[in-house]
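Chain residues, written in single-letter form:
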Amino acid sequence: MAKELSFKNLPFVPVGGQVIYVEQSYNEKLNTYIRKNYDRLKTLFFSQGLDFCYLPLLAKEIISYNAPYLNEKDICSKTEQVPSLANYLADGSIDCSSLVFGLDVPVKDENGNIKLQVVPIKTKWYTSTESTFKNLAKEVKQISRLQSRKYRETEQQHKPKEVAPSLHDEEDNFVLFSIRHPKDADDSFDAQSQLLVDEIRQRIDALRNRGVNTMFLHKLIDEGEKLSRLRITKDYRIFLIDYNNIEIKMPVLIKAVFFLFLRHPEGIRFKELTDYYSELLQIYLQMNPIGSRLKQEQSIRDITDPCNNSINEKCARIREAFITKFDERLAKNYYITGNRGETKRIMLDKSLILWEK
């Protein structure tokens with residue numbers, strides 16, 4: 001049976017849909033089961049619209065993402081230093097292994113403490129543990145819906161009614177307005193990239209909130225921060241040597257755009273892309289010699305056409321390839337950046353770019 005408890009001084013507030021495993025004392029069987037079946041459990045809870053969080057693995061994932069320059073030993077060492085939610089629930093309120101979750105909108109009690117829902121895990125090892133978690137996921141979903149509805153109704157009752165604003169001029173005539181459409185690829189460079197990255201950022205923001213104090217995290221990792229050398233192999237693979245040799249993967253056409261900008265550290269203006277048609281086509285054909293030549297040439301024409309949005313999509317995908325691997329404060333040195341109307345470039349110093357011959 002679930003119960004609602006209030007906690008103060010939490011290092012973070014679980015966001016709606018996050019279900020976090022906590023325990024008062026170490027439960028070897030449950031921890032072993034979760035580690036072995038973590039992906040399956042995440043899929044199971046995801047089917048209920050929930051995000052199952054196991055802090056020991058998540059803390060390691062977050063540190064790896066924020067500090068790709070750390071080796072495995074250092075990551076494990078720093079993971080052990082990160083305070084978890086269990087540290088803040090060790091006051092006797094939770095007396096067994098449990099699932100803890102918050103609502104879409106953080107709820108506080110009369111003293112300003114955060115209210116969390118707690119569901120004890122009662123599993124018998126001679127029955128199916130997976131069935132236990134499946135039932136728990138359904139129970140959490142039901143509780144979350146009921147509680148969220150209750151708090152929304154309560155808030156609505158105390159919320160003053162608002163009159164919808166209307167747009168009019170002094171003579172009460174209708175005011176007409178329109179959304180400005182970009183005239184060329186350069187106008188929509190930042191917007192197109194941001195639309196794509198917003199999808200990724202939702203996942204990243206969730207990682208940053210999963211039981212890890214972000215301020216504490218940066219105290220752990222910021223001292224050794226550095227940029228990695230970028231190595232391009234003979235077969236056009238991309239590796240970050242000093243970030244545990246992470247491989248950055250991109251489709252061939254997108255990779256061709258990336259290589260073009262790497263070759264031109266001075267930068268390229270989108271309105272001048274047509275001047276680079278031959279060079280970009282040559283790069284693309286070197287990596288992708290098989291296929292319809294007409295289609296290949298058309299793809300490059302689309303990219304180098306300053307009135308076509310293709311270059312924005314390619315730049316956004318390059319950005320995606322890096323920020324899905326590590327934090328944007330480091331990743332921004334590796335993808336194409338630039339203000340509207342200005343030269344676009346990759347900021348990484350050319351001394352850190354290694355081309356294999």
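Within every chain, residues take consecutive numbers counted from 1 along the sequence as written. Per-residue local features are limited, in this predicted model, to residues with pLDDT of at least 70; the limit for side-chain atom pairs, both in listing and counting, is 80 or more; totals at the level of whole chains, interfaces and linings are taken over all residues. Hydrogens are left out, water is left out, and the side-chain values use all remaining heavy atoms of the structure.

Q: What exactly am I supposed to notice about the sheet that holds strand β7 (residues 238-240) here?
A: Consider a sheet: its strands pair through backbone hydrogen bonds, and that pairing is either parallel or antiparallel. Here, a strand pair is defined by DSSP locating no fewer than two bridges between the strands. We count a stretch as a helix when DSSP gives it H or I for four or more residues in a row; a strand needs E for two or more, and each element gets its number in order from the N terminus. Spatially, 4 strands are ordered β8-β7-β6-β11 in an open sheet, and the strand pairing comes out mixed. Two strands close off the open sheet at either side, each with one partner strand: β8 (246-248) and β11 (353-355). Sheet twist, expressed as the mean angle between neighbouring strand axes with direction ignored, is 25 degrees. Taken together, the 3 bridges between β7 and β8 define a ladder with antiparallel strand orientation. Each residue of the ladder has a partner; that of isoleucine 238, found in β8, is isoleucine 248. Inter-axis angles, ranging from 0 to 180 degrees, are taken between N-to-C directions of lines fitted to C-alpha atoms, where helices are fitted over the stretch in contact.

Q: Sorry, what's going on with unusual backbone geometry here?
A: You will see that tyrosine 236, though not glycine, has its phi angle at about 70 degrees, which is positive. One can find tyrosine 236 in the loop between β6 (230-232) and β7. You can call tyrosine 236 partly exposed: its relative accessible area is 26%. One non-glycine residue with positive phi stands out, namely asparagine 245, at about 60 degrees. Relative to the assigned elements, asparagine 245 resides in the loop between β7 and β8. For every residue, the accessible area obtained with a 1.4 Å probe (protein chains only) is divided by the maximum for its type, and the residue is called buried under 20%, exposed over 50%, and partly exposed between those limits. Residue classification places asparagine 245 among the partly exposed positions, given a relative accessible area of 36%.

Q: I keep staring at the nonpolar core and nothing clicks. Help me out?
A: Soluble globular proteins tend to pack their nonpolar side chains together in the buried interior. Grouped together as the largest cluster of nonpolar side chains are 50 residues, with contacts concentrated most on Leu230, Ile248, Met250, Phe258, Ile318, Phe322 and Phe326. The biggest single contributor to this core is helix α9 (residues 252-263), with 9 residues. Those residues in contact with leucine 230 that sit more than four places away from it in its chain are Ile238, Phe239, Leu240, Phe258, Leu262, Tyr334, Leu348, Leu352, Ile353 and Leu354. To define a nonpolar core, start from buried Ala, Val, Leu, Ile, Met, Phe, Trp, Tyr and Cys residues and group those joined through side-chain atoms within 4.5 Å. Leu30, Ile34, Phe101 and Ile121 belong to the second largest nonpolar core, which has 32 residues in total. In what follows, residue pairs with any heavy atoms lying within 4.5 Å of each other are defined as contacts.

Q: Looking at this structure, I do not really get the pattern of salt bridges. What am I missing?
A: Where side chains of opposite charge bring their charged atoms close, a pairing between them can arise. Any Lys or Arg side-chain nitrogen found within 4 Å of a carboxyl oxygen on Asp or Glu counts as a salt bridge. Summed over the entire model, instances satisfying the criterion amount to 13 salt bridges. Of the charged contacts in the structure, one is a salt bridge between glutamate 313 and arginine 317, with a shortest N-O distance of 3.4 Å. Within this pair, glutamate 313 and its partner arginine 317 are both found in helix α12 (residues 310-323), separated by 4 residues, close to a single helical turn. A salt bridge links glutamate 328 to arginine 319, with the nearest nitrogen and oxygen atoms 2.3 Å apart. No difference in accessibility class separates glutamate 328 from arginine 319, as the two residues are buried.

Q: Please explain the packing of α9 against α12 as it appears in this structure.
A: When two helices pack together, their arrangement is given by the angle between their axes and by how far apart the axes lie. At a minimum axis separation of 9 Å, α9 and α12 run at an interaxial angle of 90 degrees. As the angle between them shows, α9 and α12 are arranged roughly perpendicular. Residues Leu253, Ile254, Val257 and Phe258 of α9 touch α12, and the partners they reach there are Ile311, Lys314, Arg317, Ile318 and Phe322. Residue type decides the class: Asp, Glu, Lys and Arg count as charged, Ala, Val, Leu, Ile, Met, Phe, Trp, Tyr, Cys and Pro as nonpolar, and the leftover types, Gly among them, as polar. Split by residue class, the contact of α9 with α12 holds 7 nonpolar, no polar and 2 charged. We call two directions roughly parallel when the angle between them is under 35 degrees, roughly antiparallel when it is over 145, roughly perpendicular when it lies between 65 and 115, and oblique otherwise.

Q: What exactly am I supposed to notice about the side chain of threonine 233 here?
A: With respect to the secondary-structure elements, threonine 233 resides in the loop between β6 and β7. Residues adjacent in sequence count toward polar contacts only when both atoms are side-chain atoms; beyond that, a polar contact is any pair of N or O atoms within 3.5 Å, and within protein one must be able to donate a hydrogen and the other to accept it. In terms of polar contacts, threonine 233 uses its side chain to reach the side chain of aspartate 235, at 2.3 Å. The contacts of threonine 233, once residues within four sequence positions are left out, are Phe239 and Glu356.

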